[in-house]
Amino acid sequence: MSGIEKAITRLAALENGETAGFVPDARCMLIVTLVYLVALLSLPAGNLSHIIWFAFYPIIGCGILGVSYSVLFRRSLCVLPFIALIGIANPIFNRESAFEVAGVMITRGWLEFISILLRGLFSVQALLLMCSANGFAGICRAMSRLGLPSALTTQMLLVYRYLGVLLSEALDMKRARESRGFGRKSLPISRWGAFVGQLFVRTVGRAERIHNAMLARGFEGTFRYSSRSSSRWKATDTVYLVIWIALFAALYCFNPSEFMFAL
């Protein structure tokens, strides 16, 4: 299976969720994830000993929801280069010394850089955990039920599904090129411009045909979700929500590392 085929399979799995364990209501997962992100991202960038404790949510959450954390961790690594670009300037401009390890001076810039990497990875893991539990379509339904504008949720869902259209067209073009390439697997750099341009034209054309088909079936700009696709809020969802919010609040207010070093 090629990389494009794996990406298509992955997108299809994430749309409706892929967990076999306990699945909270999508609104519950959305609120818990939002509170987690606010608590994590509001911490000072240089407070590494405090930020690292927030790794407990993706790890414990994967165990509760029946998701493999090793798989989740590997998937979150794809954003690591982009996160590194955000914080790469900190070690260069912030050279204030923090502490010394084996004769090597560690600056606050490096602490901030590592903190930015960890916060980015933990944030992506929390979002992947939410999508693995409820699916991207379920999250969009939850956002709509919580009162967010339908234009926003509909646009998010359409963009997500457009990624599948883009990948399927890229797969068709890849197979067509390989069947006419006489055994050549790689595409010359000089032809990448034409390939990308043709891919854009094909995806726009197919998207227009899909849009016309939706209009012919009565699409008015918003999705109408059936009652079967919307789960009901249960007592377990309330318990799940209260426990996690209490843990996030306690962890935000108190740094366990300070108590450990004090002892």
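**Structural notes on the overall build of the chain**
Looking only at helices and strands, one finds twelve helices and two strands in the chain. In sequence order, the secondary structure elements of the chain are arranged as α-α-α-α-α-α-α-β-β-α-α-α-α-α. By residue count, 36% of the 263 residues in the chain fall in the buried class. Restricting the contact set of the chain to residue pairs at least 6 apart, pairs at least 24 apart contribute 80%.

**A word on the nonpolar core**
One recurring pattern in soluble globular proteins is that nonpolar side chains are buried together. Counting 33 residues, the largest nonpolar core has Val32, Tyr36, Phe54, Tyr57, Phe122 and Tyr240 as its most contacted members. At the level of elements, helix 2 (26–41), helix 4 (56–65), helix 8 (108–145) and helix 11 (235–253) are the ones that each hand at least two residues to this core. For this core, the element with the highest residue contribution is helix 8, accounting for ten residues. Leave out the neighbours within four places in its chain, and tyrosine 36 touches Phe54, Tyr57, Pro58, Phe122, Ala126 and Phe248.

**Some thoughts on a nonpolar patch on the surface**
A surface patch of nonpolar side chains, about 230 Å² in accessible area, is lined by Ile59, Ile60 and Ile64. The topology assignment puts isoleucine 64 in helix 4.

**Some details on the packing of helix 4 against helix 8**
Packing of helix 4 against helix 8 leaves a shortest axis separation of 10 Å and a crossing angle of 15 degrees. When the axes of helix 4 and helix 8 are compared, the pair comes out roughly parallel. The two elements helix 4 and helix 8 meet at a crossing, and its hand is left-handed. For the pair helix 4 and helix 8, contact is made by Tyr57, Pro58, Gly61, Cys62 and Leu65 and by Phe122, Gln125, Ala126, Leu129 and Ala133, respectively. Looking at the contact of helix 4 with helix 8 residue by residue, the class counts come to eight nonpolar, two polar and no charged.

**Let's talk about the packing of aromatic side chains**
Applying the stated rule across the entire model yields twelve aromatic pairs. Between tyrosine 36 and phenylalanine 54 the ring centres are 5.9 Å apart and the planes differ by 55 degrees, which places this aromatic pair in the tilted class. In this pair, tyrosine 36 sits in helix 2 while phenylalanine 54 sits in the loop between helix 3 (48–51) and helix 4, placing the two residues 18 residues apart along the sequence. For the residue pair tyrosine 36 and phenylalanine 54, the accessibility class agrees, reading buried in each case. Among the aromatic residues, ring-to-ring pairing joins Tyr36, Phe54, Phe56, Tyr57, Tyr240, Trp244 and Phe248 into one connected group.

**Regarding the pattern of salt bridges**
The full count for this structure, using the stated rule, is four salt bridges. In this structure, arginine 27 and aspartate 25 form a salt bridge, with 2.9 Å as the shortest nitrogen-oxygen distance. Glutamate 169 is paired through a salt bridge with arginine 206; the nearest N and O atoms lie 3.3 Å apart. Remark: arginine 206 occurs in helix 10 (residues 192–216) and glutamate 169 occurs in helix 9 (residues 150–179); sequence separation between them is 37 residues. We classify glutamate 169 as buried; its relative accessible area is 5%. The class for arginine 206 is partly exposed, based on a relative accessible area of 27%. Ionic contacts of the salt-bridge type, sharing partners, join the residues Glu169, Arg202 and Arg206 into one network.

**Overview of helix 6 (residues 80–87)**
Looking only at helix 6, the buried set comprises Ile83, Ala84 and Gly87. Buried residues along helix 6 cover an arc of 105 degrees about the axis, so they all sit on one side. Along helix 6, the residues that are exposed and aim more than 90 degrees away from the buried face are Phe82, Leu85 and Ile86.

**Brief notes about the side chain of threonine 154**
Relative to the assigned elements, threonine 154 resides in helix 9. Apart from residues no more than four positions distant in its own chain, threonine 154 is found in contact with Phe219, Gly221, Thr222 and Phe223.

**Comments concerning the environment of valine 204**
Looking at where valine 204 falls in the secondary structure, it is placed in helix 10. Separated by 42 residues in sequence, valine 204 and tyrosine 162 have C-alpha atoms that sit 9.6 Å apart.

**Quick word on helix 8**
Between the first and last C-alpha of helix 8 there are merely 44 Å, a value that for 38 residues lags more than 12% behind the 56 Å anticipated at 1.5 Å per step. At asparagine 134, helix 8 shows its strongest bend, of approximately 90 degrees. Most of helix 8 is tucked away, with 31 of its 38 residues classed as buried. At the C-terminal side of helix 8, glycine 147 shows a positive phi close to 105 degrees.

Basis of the calculations
Residues numbered from 1 in each chain as written. Predicted model: local features only at pLDDT ≥ 70, side-chain atom pairs only at ≥ 80, totals over all residues. Heavy atoms only, no water. Helix = DSSP H or I, 4+ residues; strand = E, 2+ residues; numbered from the N terminus. Buried < 20%, exposed > 50% of the residue type's maximum accessible area, 1.4 Å probe, protein only. Contact = heavy atoms within 4.5 Å. Core = buried A, V, L, I, M, F, W, Y, C linked by side-chain atoms within 4.5 Å. Patch = residues over 30% accessible without salt bridge, like charges linked within 9 Å, V, L, I, M, F, W, Y side chains within 5 Å. Areas by Shrake-Rupley, 256 points an atom, 1.4 Å probe, with all protein chains shown as cover. Salt bridge = Lys/Arg side-chain N within 4 Å of Asp/Glu carboxyl O. Axes fitted to C-alpha atoms, helices over the stretch in contact; angles between N-to-C directions. Parallel < 35°, antiparallel > 145°, perpendicular 65-115°, else oblique. Left-handed = near helix turned anticlockwise from the far one by under 90°. Nonpolar A, V, L, I, M, F, W, Y, C, P; charged D, E, K, R; others polar. Phe/Tyr/Trp six-rings, centres within 6.5 Å; stacked < 30°, edge-to-face > 60°. Arc of directions from axis to C-beta. Expected span 1.5 Å × (residues − 1). Bend = angle between axes of the 7 residues up to and from the residue.

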